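# Residue-level structural notes
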Amino acid sequence: MIRHIIATVVLASLLPVLAAAQTPPPAAAQPVADPDLRLDPLQPDFTLAALPTTLRVPRGKFAFRITHRFTRPLGRGDFSDLLSDAFGFDGGAQIGLELRYGLASGTQIGVHRTSDQSIQFFGQHNFFSEGSGSPVGLDGLVTAEGIDNFHDHYRSAMGAVVSRTTGSFGAVYAQPMWVANASPFDTGDNSTLLLGLGGRIRVRPSVYVLAEVTPRLAGFDPGAHQISFGVEKRAGGHLFQINFSNGFATTFGQLATGARDYDDWYIGFNISRKFFRGR
């Protein structure tokens, strides 16, 4: 009897130890995914045609973009002339290469070089994101640009990028920008105030239409404002865009000098690539 009691007490004392041995250890806490890695279906890219958006580059990640503007006016000659030139594809082009990097959470830097040997360095910081206590997204943006591979005629720009989504359909943007030393001539009035306006509408789950215009409000104003519109398709980390513009500008210094006129239009395209998962 005493032996049975002792055995029962010993077994009872061992049960918690045995149960603990059979219980798997708690799972290690999973790191929280960077929200900047998530796809924003209303802001699929960091730019429209030339103007920036408030889409954030994740910290430590890269994005690359090619801009391509054919220089043959679509309205030159008759339709047979246009067809013989493959709608301008046989002519020359102004090409831009751009690399962006997420320096910190909400902060991105980059460089954009065009084939006329203009180089623009830029930095962009997100102060507010829409939905995080703010009705709009707000970024600050600064650039430094020079021609002849950044050896001559230096121009700088400073301003803001304001975004607002429109339900589940798209987003609209306003970009007030001040550009210093915008004029290529010694006119005494060589700075300009721009107001970029644009938007992107989602017409299919991965298909968008977009438009933008960059009027100059004050200062140096050589003529027509650049206008662009286009259609684009998102495929994973790629975005393919066909656009039409009355100019070739893809930097703020180029936008400040304006378009040629409102009669000549040119076909072009952008290709963007995000080098990170979760896109």
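Attention in this report is confined to the structure presented alongside it. (Residues numbered from 1 in each chain as written. Predicted model: local features only at pLDDT ≥ 70, side-chain atom pairs only at ≥ 80, totals over all residues. Heavy atoms only, no water.)

### Looking at the overall build of the protein chain
Within the protein chain, the regular secondary structure consists of four helices and 13 strands. Here the protein chain holds 279 residues, and the buried ones make up 42% of them. By sequence separation, contacts in the protein chain at least 24 residues apart represent 54% of the contacts at least 6 residues apart. (Helix = DSSP H or I, 4+ residues; strand = E, 2+ residues; numbered from the N terminus. Buried < 20%, exposed > 50% of the residue type's maximum accessible area, 1.4 Å probe, protein only. Contact = heavy atoms within 4.5 Å.)

### Notes on the pairing of strand S7 (residues 170-180)
By the bridge criterion, nine bridges tie strand S6 (residues 152-166) to S7 in an arrangement that is antiparallel. Considered in S7, the bridge of Val162 is made with Ala174. Here S6 hands over to S7 after three residues, with Gly167 in that stretch at a positive phi of 65 degrees. For S7 and strand S8 (residues 192-204), the ladder comprises 10 bridges, and the chain directions are antiparallel. Looking at S8, one finds that Val179 is bridged to Thr192. (Pairing = 2+ DSSP bridges.)

### A word on the packing of aromatic side chains
Enumeration over the complete set of coordinates arrives at seven aromatic pairs. Between Phe121 and Phe150 the ring centres are 5.2 Å apart and the planes differ by 85 degrees, which places this aromatic pair in the edge-to-face class. Of this pair, Phe121 sits in strand S4 (residues 119-128) while Phe150 is found in helix H3 (residues 147-150), placing the two residues 29 residues apart along the sequence. The exposure class of Phe121 is partly exposed, given its relative accessible area of 39%. Overall, the relative accessible area of 27% leaves Phe150 in the partly exposed class. The interplanar angle of 65 degrees and the centroid separation of 4.6 Å between the aromatic rings of Phe248 and Tyr266 together place this pair among those described as edge-to-face. Here Phe248 is found in the loop between strand S12 (238-245) and helix H4 (252-257), whereas its partner Tyr266 is found in strand S13 (residues 266-275), with 18 residues between them in sequence. Given a relative accessible area of 12%, Phe248 falls into the buried group. One aromatic cluster is present, formed by Phe121, Phe150 and Tyr154 through successive ring pairs. Lying over the aromatic face of Phe46, Lys274 brings its terminal NZ or CZ to 5.8 Å of the ring centre. (Phe/Tyr/Trp six-rings, centres within 6.5 Å; stacked < 30°, edge-to-face > 60°. Lys NZ or Arg CZ within 6 Å of the ring centre and 35° of its normal.)

### Here's the deal with unusual backbone geometry
Not every positive phi belongs to a glycine, and Asp148 is a case in point at roughly 50 degrees. Checked against the element boundaries, Asp148 lands in helix H3. Positive phi, normally seen in glycine, also occurs at His153, with a value near 45 degrees.

### Quick look at the nonpolar core
Formed by 14 residues in total, the largest nonpolar core has its most connected members in Leu141, Met177, Val179, Leu194, Phe252 and Leu255. Where this core is concerned, the elements lending two or more residues are S6, S7 and H4. In terms of residue count, the dominant contributor to this core is H4 (three residues). Those residues in contact with Leu141, other than ones at most four positions away along the chain, are Pro52, Phe122, Gly123, Gln124, Ala157, Met158, Gly159, Val161, Met177 and Phe252. (Core = buried A, V, L, I, M, F, W, Y, C linked by side-chain atoms within 4.5 Å.)

### Structural notes on the pairing of strand S2 (residues 93-104)
Summarising the sheet, strand S1 (residues 62-70) and S2 pair through nine bridges and their orientation is antiparallel. By the bridge assignment for S2, Arg69 is matched with Gln94. Pairing analysis gives eight bridges linking S2 to strand S3 (residues 107-114), with the strands arranged antiparallel. Looking at the pairing, Leu97 lines up with Arg113 of S3. The hairpin turn running from S2 into S3, its antiparallel successor, is two residues long, and Gly106 in that turn takes a positive phi close to 85 degrees.

### Examining the side chain of Gln226
One can find Gln226 in strand S11 (residues 226-235). Side-chain polar atoms of Gln226 contact the backbone oxygen of Ala249, separated by 3.0 Å. In this structure, Gln226 is in contact with Ala50, Glu212, Val213, Thr214, Asn246, Gly247, Phe248, Ala249, Leu255 and Ala259, ignoring residues within four places of it in sequence. (Polar contact = N/O pair within 3.5 Å; in protein donor to acceptor, adjacent residues only side chain to side chain.)

### Focus: the pattern of salt bridges
Enumeration according to the criterion identifies seven salt bridges in this entry. In this structure, the salt-bridge partner of Glu98 is Arg65, at a minimum N-O distance of 2.9 Å. Of this pair, Glu98 sits in strand S2 while Arg65 sits in strand S1, and the two are 33 residues apart along the sequence. Residue Glu98 is classed as buried on the basis of its relative accessible area of 5%. In this structure, Glu130 engages Arg164 in a salt bridge whose closest nitrogen and oxygen atoms are separated by 3.6 Å. One end of the pair, Glu130, is in the loop between S4 and strand S5 (137-146); the other, Arg164, is in strand S6, and 34 residues separate them in sequence. Salt bridges sharing partners connect three or more residues here, namely Arg65, Glu98 and Arg100. (Salt bridge = Lys/Arg side-chain N within 4 Å of Asp/Glu carboxyl O.)

Any link to function would need more than the numbers given here.
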